[in-house]
Amino acid sequence: MNQTVNVSITSTTRRRQLANGTIASYPQWYCEYRDPVCGKRRRRAFNRKKDAEAFRNALLVKVAEGSYVDERTAPTVGKAIEHWLADKEGKVKPSTLTGYKVVAYGALRGPLLVGSPQERADYTETGVAPKDARFIKLLGDVKLTDLTTAMIRAWHRTIVEQCGNHTANRAKSHLKSILALAEEDFGTRAPSMPTGLSRARHKQKKAILTSRDIAALIAAAKVDPEQGIYFAFPFLAGTRPSEQLGLLWSEVDFDKNVIRICRIQERDGTLTEMTKTEAGTREIPMGTTLREMLIEWRLRCPRKGKELHRVFPGPGRLQEWPKLRIGGGGPLLYQNFRKRYWVPAFKKLGLPYVTPHSARHSFISTLQAQGIEVGLVAQIAGHANPTVTLGHYTQAVRGGAAAVAALERAYVPDAAGVRYAGPA
C-alpha cells in the first residue's frame, strides 16, 4: 500500500430539469484520488463541500495509519462471522462451536426473531420461522468499514431488550473477537467497543472450600487407596471434570513430572481428542502429593484388558489384594463419578458440599492467594486470557485479617522491620 495519497477536491454545477419544465442548478463536489491499494483512479461525489473535505481527511488518516480498505470490497459483519467460525473449526470441541454459532447467528448476524427463547433457538437451528413471525435487523449486512461504536451500542441495547443481559454481553464478547480477527486478516480497523453498557445482575460466586477444608479432604484421600485420587485430583490439578475423566495414563509423564491435558470425555463417555478451547491443551506440573498418589494408584487402577488406559475408569469388581479387578477400565460417566466418589467423600468428612467444578475454582483462587502471578495461573488453568482468570474464577480464600496484615507490611515501616530515622 502506498504510504501517501493525493486527494483533489473539484466542483461543478449540475443541472436537472424539473417536472414543471424549469431547470434547477446545484453544486456537486468531487474527491478524486488513486486507490492506495490497486492504484486505480477513484472519484466520490458529494452534495456539500464540507462532506467532501471530511471524506478526504478521513481517507488521509486511514492511509497514514495503514488501515485503508476499499469500502466496496470490505466484508460485511456476516462474512466476518463466517470467517471467525471457520477459524474456530478444530480449535474448540464441536459442542462449543455449536454454542458459538447459536449466539453469532442469532444475536449478531440476525435477523433476530421476536419471540420466546425456544422459538429463536428453533429458528436459528432450522431456519423455519413460526407463523406471523416478526424480525429485527441486526449487524449481518453492515460492512466492517461502516460499523461504528454508536451502531454497536444500539445493537447491544436491542439484544438486551429482546434476549436479556447475559446473551447481549456474550454476543458482545464474540463480536470483539470477530472484529479482532477481521482486523488481522482483512485489514479493516475495528471500532472501539462502547463503554457503560448494561451488565447482567450480579452472579453469585460458586461456593468453594476453605484451605483448611481442602487440607482435610486431601489428608483423607491419601489414606483411601481406592477412591481418594478420584476426589482429590481436581483440587491438586485444577482440571475440569471432563478433562479429569478423559485423562489417559499415556498423558501422565512421571519423568518430566507433568500431566498433559489434550482431550475430554463427553457426557456419554466417549473421548474427544481436543479440550474445551484451544488454550485448554496444556501441561500441568505435578506436586509431590499428587505424584505420590498417582504412582500408588497406578498399581491398583483398573486395566483395559491387561493394559493401563484411563486414569479414572469405571471401577469393576474389587478382588482380594493383590489380585486384579474383574471388569472395569472403561469410561466412568460424570453422574456416576459424582454419585460413587464425590458426594460420599463430602458426607463422610462432614464438609460443605461443592460441585466438582468448584474444585477448579479453589485451585485457581488458592494459587493466586499464594502470590502466583495471574499469567502463570491462567496458563496452568488453560485460559487464553488472564482476564478470565481474574474475572470469573478468582475468589477470596483468606479472611480479611490477611489483607490487613499485608497492608501493615506495605505501609507501616515498623511492621516490616524498618525504623524511622527522622527527617533527612
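Reading guide: rules and limits
- Residues numbered from 1 in each chain as written.
- Predicted model: local features only at pLDDT ≥ 70, side-chain atom pairs only at ≥ 80, totals over all residues.
- Heavy atoms only, no water.
- Salt bridge = Lys/Arg side-chain N within 4 Å of Asp/Glu carboxyl O.
- Helix = DSSP H or I, 4+ residues; strand = E, 2+ residues; numbered from the N terminus.
- Buried < 20%, exposed > 50% of the residue type's maximum accessible area, 1.4 Å probe, protein only.
- Phe/Tyr/Trp six-rings, centres within 6.5 Å; stacked < 30°, edge-to-face > 60°.
- Lys NZ or Arg CZ within 6 Å of the ring centre and 35° of its normal.
- Pairing = 2+ DSSP bridges.
- Axes fitted to C-alpha atoms, helices over the stretch in contact; angles between N-to-C directions.

Trainee: Tell me about the pattern of salt bridges, residues and numbers included.
Mentor: Any two side chains of opposite charge can pair if their charged atoms end up close together. According to the stated counting rule, one finds 11 salt bridges in the structure shown. In this structure, the salt-bridge partner of Arg263 is Glu251, at a minimum N-O distance of 3.6 Å. With Arg263 in the loop between strand S7 (258-261) and strand S8 (264-265) and Glu251 in the loop between helix H9 (241-245) and strand S6 (252-253), this residue pair connects regions lying 12 residues apart in the sequence. A relative accessible area of 13% places Glu251 in the buried class. Note that Glu273 is salt-bridged to Arg263, the shortest N-O span being 3.1 Å. On the criterion of sequence distance, the pair formed by Glu273 in the loop between strand S9 (271-272) and strand S10 (282-285) and Arg263 in the loop between S7 and S8 is long-range, its members being 10 residues apart.

Trainee: Any details on the packing of aromatic side chains? Residues and values, ideally.
Mentor: Here a ring pair, both rings aromatic, is described through the centre-centre distance and the interplanar angle of the planes. Per the stated rule, a full pass over the model turns up 12 aromatic pairs. Ring centres 3.9 Å apart and planes at 10° place the aromatic pair Tyr230 and Tyr341 in the stacked group. Residue Tyr230 is located in helix H8 (residues 228-237), and its partner Tyr341 is located in helix H11 (residues 334-349); the two are separated by 111 residues in the primary sequence. Tyr341 sits in the buried class, given a relative accessible area of 3%. One aromatic cluster is present, built from ring pairs that chain together Tyr230, Phe233, Trp297, Phe312 and Tyr341. Across from the ring centre of Tyr30, 4.1 Å away, lies the NZ or CZ of Arg43, which sits over that ring.

Trainee: Which residues make up the sheet that holds strand S1 (residues 8-17), and what values go with them?
Mentor: With respect to topology, three strands assemble into an open sheet ordered S1-S2-S3, the strand pairing being antiparallel. A single partner strand is all that each edge strand has here, and the edge strands are S1 and strand S3 (41-46). The sheet shows a mean angle of 30° between the axes of neighbouring strands, direction not considered. Relative to S3, strand S2 (residues 23-34) is paired through six bridges, and the arrangement is antiparallel.

Purely spatial values, then, with no claim about function.
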